[in-house]
Amino acid sequence: MTESHLMTLQLHDTLRGKKVPFEPLKEGEVTMYLCGPTVYNFAHIGNARPAVVFDLLARLLRRSYKLTFARNITDVDDKINAASVESGKPIDEITARYIKAYNDDMGALGVKPPDIEPRATQHIDEMVAMIATLVEKGFAYEADGHVLFDVSSNEAYGTLSKRDLREMIAGARVEVAPYKKAAHDFVLWKPSTPELPGWDSPWGRGRPGWHIECSAMAEKHLGTTIDIHAGGRDLVFPHHENELAQSSCAHDGAPFARYWLHNGFLSMDQTKMSKSLGNVLLVHEMIKTIPGEIIRLALLSAHYKQPLDWSAESIESARRMLDRLYGAVQGVEVSKDARASAEVPPELIAALEDDLNSPKAMAAFFGLAKDLNKASDADQRESLAAKMYACGELMGLLGNDPDEWFSAHVEGELTSGEIDVLVEKRIAAKAAGDYETADALRDSLLEAGVTIQDGRDGSTWRRS
Ligand code: AMP
Ligand code: ZN
């Protein structure tokens, strides 16, 4: 991991509430855990945001560290049970179907598979062991077949989400379940009726609560203290606050995560994305007509912490951006050697190292495209194109063949081949002194969004 000494990564940590320099627990190695999907339906574009932005972080980290990245799958959950009842299909058929769909959909967005993809149902023993430890140490109690975390036993509870427990109790209007000592105590284990999925435990046949899954799987695969814990903003409370309480109490106060990262929410036309409003965009549907790279770039066009409002324009502007990138490298032959030795420019790395500033990184990427468009020297063009491909590899973009890119996705517009023909016709008309035809061809190309540039070495074109 040759470049670790260069790394000056800064990350915004939710616990400290500010941007701080990143230092892993073990030199040269990083552990990262991202809360993954609950597999009972298809992922929507909001669900794809954490997968894409933290995939970019994983790619950045892998340049300098040995990264172990775990993204879990929640395959035991009451929403899954409800989906099974509703559809009449067995639970494992539902979970298998949506695990596959999730991985296919995220793959289409250029999300690389994590190193470990632990499933909750395969870690019940670890969860039971952690719950038993919490009971033994006085942080949890059994009541009526349930095991609950006793929030009052944990002084630090509320630090991550900056909530004051006393205020929360005073403001609580929820009806308290009879088996709970206090309203905010949360479920670690609950009893299952015979028709529900369940496992034997010291507290009878039952199933785990959602929060304990992540604590147990993070411990098993990444150790007591992990470097980075990530997820969407909505998970700060209660999910991550509860994970933190469980893990630190089970581990005698050892820190659970050294850095907590949370992505902002994605809305649709300024409205919350929700099934009842009918404005949920499923990745599964979108990728049938939109290249995954366009969706990925649209998701990376805002800083991950900021809210992102999704609209038809998000796709169109990402499409134009990718056309610019592909348009720059189109027709430039890049040898294997040039590719292998190309480096990502320091400005782009610096932008990503500044709390994963992807819009700024994209600006550096476009800077290269601009330089390439201006360059006329063949060697220089090759080296700039090679650099662009190196940036593409890091950002998860520019993975298609440029010619195919233009011919594949421009529906109803001119393909690159058609443009070439028209440009050649115009050159011929000019050479024959037929300026009227030449100008008419230029104008119609302009109308189709194609600009011709006449230079000493002939004419080049680019989509505007
Ligand atoms: P879920 O399957 O609902 O647990 O969500 C999976 C991941 O997607 C979690 O990290 C959520 O925080 C995240 N997420 C859900 N909805 C949105 C949204 N509209 N914008 C951004 N992230 C979201
Ligand atoms: Zn989690």
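Residues numbered from 1 in each chain as written. Chains lettered and ligands numbered in written order. Predicted model: local features only at pLDDT ≥ 70, side-chain atom pairs only at ≥ 80, totals over all residues. Heavy atoms only, no water.

Enquirer: Go over the sheet that holds strand β11 (residues 266-268), please, and point to the residues and values.
Expert: Taken in spatial order, the three strands make up an open sheet running β12-β11-β13, and their pairing is mixed. The sheet terminates laterally at β12 (271-272) and β13 (308-310), the two strands that pair on one side only. Where β11 lies against β13, three bridges are found, and the strand directions are parallel. Directly across from M268, in β13, lies its bridge partner W310. (Pairing = 2+ DSSP bridges. Helix = DSSP H or I, 4+ residues; strand = E, 2+ residues; numbered from the N terminus.)

Enquirer: Give a description of helix α2 (residues 78-87) that names residues and reports values.
Expert: Along α2, the positions that sit buried rather than exposed are I80, N81, A83 and S84. Each buried residue of α2 sits inside an arc of 160° when the element is viewed along its axis, so together they form one side. Turned more than 90 degrees off the buried face of α2, the exposed positions are V85 and E86. Lining the buried residues of α2 we find α3 (91-108) and β8 (206-208). Measuring from the backbone nitrogen of K79 back to the side-chain oxygen at the start of α2 gives 2.7 Å, which picks out D77 as the cap. (Buried < 20%, exposed > 50% of the residue type's maximum accessible area, 1.4 Å probe, protein only. Arc of directions from axis to C-beta. Contact = heavy atoms within 4.5 Å. Polar contact = N/O pair within 3.5 Å; in protein donor to acceptor, adjacent residues only side chain to side chain.)

Enquirer: Account for the pairing of strand β9 (residues 226-232), naming residues and giving values.
Expert: Burial within β9 is extensive, with seven of its seven residues counted as buried. Pairing of strand β3 (residues 29-34) with β9, which is carried by three bridges, proceeds in the parallel orientation. For M32, the partnering residue across the bridge sits in β9 and is I228. Note: β9 against strand β10 (residues 257-263), six bridges, orientation parallel. For H229, the partnering residue across the bridge sits in β10 and is W260.

Enquirer: Let's hear about the site of ligand 1: which residues, and what values?
Expert: If you check the shell around ligand 1, you find 13 residues, and the closest are G46, N47, G232, D234 and L266. Interatomic distance of 3.1 Å between a backbone N/O atom of G46 and a nitrogen atom of ligand 1. Within the backbone of G232, an N or O atom sits 3.2 Å from an oxygen atom of ligand 1. Considering each element in turn, the shell around ligand 1 owes the most residues, three residues, to helix α1 (residues 45-64). Of the residues assigned to the shell around ligand 1, the class counts are five nonpolar, seven polar and one charged. (Near = heavy atom within 4 Å. Nonpolar A, V, L, I, M, F, W, Y, C, P; charged D, E, K, R; others polar.)

Enquirer: Outline the coordination of the zinc ion (ligand 2), supporting the account with residue identities and numerical values.
Expert: The expected angle between donors at a tetrahedral four-coordinate metal is 109.5 degrees. At an octahedral six-coordinate metal it is 90 or 180 degrees. Looking at the zinc ion (ligand 2), one finds its protein donor set to be C35 (SG), C214 (SG), H239 (NE2) and E243 (OE), positioned 2.1 to 2.3 Å from the metal centre. Viewed at the metal, the four donor atoms of the zinc ion (ligand 2) are separated by angles of 75 to 130°, and the geometry they form is irregular. When the donor residues of the zinc ion (ligand 2) are listed from N- to C-terminus, their spacing reads C-x178-C-x24-H-x3-E. Taken together, the positions of C214 in helix α6 (residues 210-222) and E243 in helix α7 (residues 236-250) put the pair 29 residues apart, joining distant regions of the chain. Taken individually, C214 and E243 each receive the classification buried, so the pair is uniform in this respect. (Donors = N, O, S within 2.8 Å, 3.2 Å for Na, K, Ca; no water. Tetrahedral: all angles 85-135°; square planar, octahedral: opposite > 155°, others 65-115°.)

Enquirer: Please set out the packing of helix α12 (residues 346-353) against helix α14 (residues 378-395) residue by residue, giving values where relevant.
Expert: Between α12 and α14, the shortest axis-to-axis distance is 11 Å and the interhelical angle comes to 15°. By the angle class used here, α12 and α14 are roughly parallel. For the pair α12 and α14, the crossing hand works out as right-handed. Along the contact surface, α12 presents L348, I349 and L352, while α14 presents C391, L394 and M395. When its residues are assigned to classes, the contact of α12 with α14 shows six nonpolar, no polar and no charged. (Axes fitted to C-alpha atoms, helices over the stretch in contact; angles between N-to-C directions. Parallel < 35°, antiparallel > 145°, perpendicular 65-115°, else oblique. Left-handed = near helix turned anticlockwise from the far one by under 90°.)

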